[in-house]
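Observations on the three-dimensional arrangement
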Amino acid sequence: MRILGGILLGSMLLSTGSAFAEDDASELKALKARLKQLEQKMEAQARKEDALAARENTRQNMQMAAKAPVPFDPCASGKLCYKGVTFTFGGWVDLTGIYRSRNLASDSGSVYNFIPFPQSKNYNTGESRFTARQTRFSVLAEANATETTHIAGFGELDFEGAAQTANSVATNSFNPRLRQASIEIDRTDLGLHVLAGQSWSLNTPSKAGIDPRGADTPGVIDFELVPGFLGARQPGVRVWQDIGPEFKLAVSAENRQSSFFGGNTPLVGTPAVGPQGVLNPNLLVNLTGPGGSFFNSLNNVSLNHVPDITVKGAWDPRLGPYKLHVEAWALYRDFYDRFDFANHDVNTVSFGGHLSAEIVPKTLEVQASASYGALGRFTATPFPDATVRQDGSIQPLPITAFLVGSVWHTTPSLDLYAYAGLEKTKATFSDVGTVPFGYGNPLYNNLGCNTENSPAATCNANTSEVRQYTAGFYDTIFKGDYGTIKAGAQYSYTQRFAFQGVGGAPKTDDHIVMTQIRYYPF
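A brief look at the structure comes next. Quick caveat: nothing in here was measured; it's all calculated off a predicted structure. (Residues numbered from 1 in each chain as written. Predicted model: local features only at pLDDT ≥ 70, side-chain atom pairs only at ≥ 80, totals over all residues. Heavy atoms only, no water.)

Quick look at the side chain of E254 now. Along the chain, the position of E254 falls in strand 9 (residues 247-254). The side chain of E254 sits in the buried core without any salt bridge; R238 is the nearest counter-charge, 4.1 Å away. Contact partners of E254, with chain neighbours within four places excluded, come to S201, L202, Q234, P235, G236, R238, P307, D308 and T310. (Helix = DSSP H or I, 4+ residues; strand = E, 2+ residues; numbered from the N terminus. Buried < 20%, exposed > 50% of the residue type's maximum accessible area, 1.4 Å probe, protein only. Lys, Arg positive; Asp, Glu negative; His and termini not counted. Salt bridge = Lys/Arg side-chain N within 4 Å of Asp/Glu carboxyl O. Contact = heavy atoms within 4.5 Å.)

Attention shifts here to a nonpolar patch on the surface. Taken together, the side chains of I151, I183, I185, V194, V237, V239, I243, F247, L249, V251, V311 and W315 present a nonpolar region at the surface, about 900 Å² in accessible area. Only strand 6 (177-187), strand 8 (233-243), strand 9 and strand 12 (308-315) provide two or more residues apiece to the nonpolar patch. Note on placement: F247 falls in strand 9. (Patch = residues over 30% accessible without salt bridge, like charges linked within 9 Å, V, L, I, M, F, W, Y side chains within 5 Å. Areas by Shrake-Rupley, 256 points an atom, 1.4 Å probe, with all protein chains shown as cover.)

Moving on to the pattern of salt bridges. Applying the stated criterion across every chain, the model contains 20 salt bridges. With a closest N to O distance of 3.0 Å, R256 and D308 form a salt bridge. Of the two residues, R256 sits in the loop between strand 9 and strand 10 (286-288) while D308 sits in strand 12, which places them 52 residues apart along the sequence. Across this residue pair, the class does not change: R256 and D308 are buried. Residues E465 and R467 are paired through a salt bridge, measuring 2.6 Å at the closest nitrogen-oxygen approach. Judged by relative accessible area, R467 falls into the partly exposed class, the value being 29%. Connected via shared salt-bridge partners are R136, E156, D158, R177 and R179.

With that settled, the discussion passes to the state of the cysteines. Summed over all chains, the structure comprises one disulfide. One disulfide in the model links C449 with C459; its S-S distance is 2.1 Å. Torsion about the S-S bond of the C449 and C459 cystine: about 105°, corresponding to right-handed handedness. Of the two residues, C449 is situated in the loop between strand 21 (435-439) and strand 22 (463-480) and C459 in the loop between strand 21 and strand 22; the sequence distance between them amounts to 10 residues. Using a relative accessible area of 0% as the deciding quantity, one classes C449 as buried. (Disulfide = S-S within 2.5 Å.)

So, on to the side chain of T484. Relative to the elements of secondary structure, T484 occurs in strand 23 (residues 483-498). Residues within four places of T484 in sequence aside, it is in contact with T476, F478, K479, R518, Y519 and Y520.

Moving on to the packing of aromatic side chains. According to the stated counting rule, one finds 10 aromatic pairs in the structure shown. Their ring planes at 40° and their centres at 6.3 Å tell us that Y417 and Y474 sit as a pair that is tilted. Of this pair, Y417 sits in strand 19 (residues 414-425) while Y474 sits in strand 22; the two residues are 57 residues apart in sequence, bridging distant segments of the chain. According to the relative accessible area criterion, Y417 is buried, its value standing at 5%. Residue classification places Y474 among the buried residues on the basis of a relative accessible area of 15%. On the basis of an interplanar angle of 85° and a centroid distance of 5.9 Å, the ring pair of Y439 and F499 is categorised as edge-to-face. Taken as a pair, Y439 in strand 21 and F499 in the loop between strand 23 and strand 24 (507-520) lie far apart in primary sequence, 60 residues in all. In this structure, Y439 and F499 share a single accessibility class: buried. Pairwise contacts between aromatic rings join F89, F137 and F522 into one cluster. (Phe/Tyr/Trp six-rings, centres within 6.5 Å; stacked < 30°, edge-to-face > 60°.)

This is the structure in structure tokens:
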């Protein structure tokens, strides 16, 4: 800067050489003062430019620091990037082999509530089939809208849909089925998260935190999982808040649906003696969608006017190499019907909890769940949610459910697992004189449940409890850049118990063996 000032001073002195000789001392002093002012202005401008450069450098460093902890690598190996959005693909190609000692006429999901009693011909008929319908595909799209706002969209489908044309005779053309489709918005600076769309219900157990896309499901082959595991996939809105690094609190409003004993038309059991009960002819508990409603006209839709409301807390304490997850939830449900020219509500609150722990780091995992309340639609059995009295008033069925299980990672490639679970309910009924109504009524006729081909009316046999014990393994056969191939097998022993009626309390069981091979390309 002073060199530049010297050059300017020299130029001015050269251009005015003769004048300086004649100027007096005051004129020379004034010229030097003006030159000094010019130097000061130039120095001030330089300092301003240096400050602006420093601020810009600080801003760029802050942006780089803010981008460092994002929850995904924008273009990691195996991912696809497009216009600032990162896509992660998931899923597998699956073939499952099924054998059941009792014929359920069922695909990869065993409907435990329909294991036949000896009255049915299929009690003595085994079942064997192959299926590829557990094949699944998913995609996760992620992006950072701002330095503190993360957006994720998730979609998942399988082939467990079964339209009328999707038969096993010739083409086995089973149709894709929506499992999950949701958007999640995360504010990292506020610890606030919002999800909208179809996902696992909030009362479904998670393995860590509040995980909307995954669930701590038993690692078995049977698509109906294990009795005692409760959960559903349904559309709704969920909000959760991080409270410190270990605790999260969530609330959700989810699409409700009520399952009544008897399905589309509420059922009344047949008594051993006396007249058959008849429900109030003015009763309305559900509807079937008309053509163009985008519902299957063979399926009922219950009368919904209040969503299911769930509150859940999750705790993940930091225990060094050990992992522990504890959660508890409460669920509000409103059951709704119409009879005698008026609408009627019955409100219930259910509750439950789940624990998942890594007892030996990377070697032994355990889990346990317990729940109680009007939870029929969430069960693996599945149980109905409610029954009705003769006049049409609703009686919810209280469900008690337990599940315990463990997974042993014996080697890096071989996993062994074992689970035990049960779901049970209480007899919920009412009588009008000697005419029985409800679920599990002791006046219902069970005289023919143990006699093959006896009349259907002689075996009402409402399920009281389902128990299961199961074990199996998964082995990683190949693993590399091309993906992973795994194979496994599962054996389960399931018992179904019915309520006491006239003729006894029948029971039945099923031995199920399933095998599976999967290719995970992603």
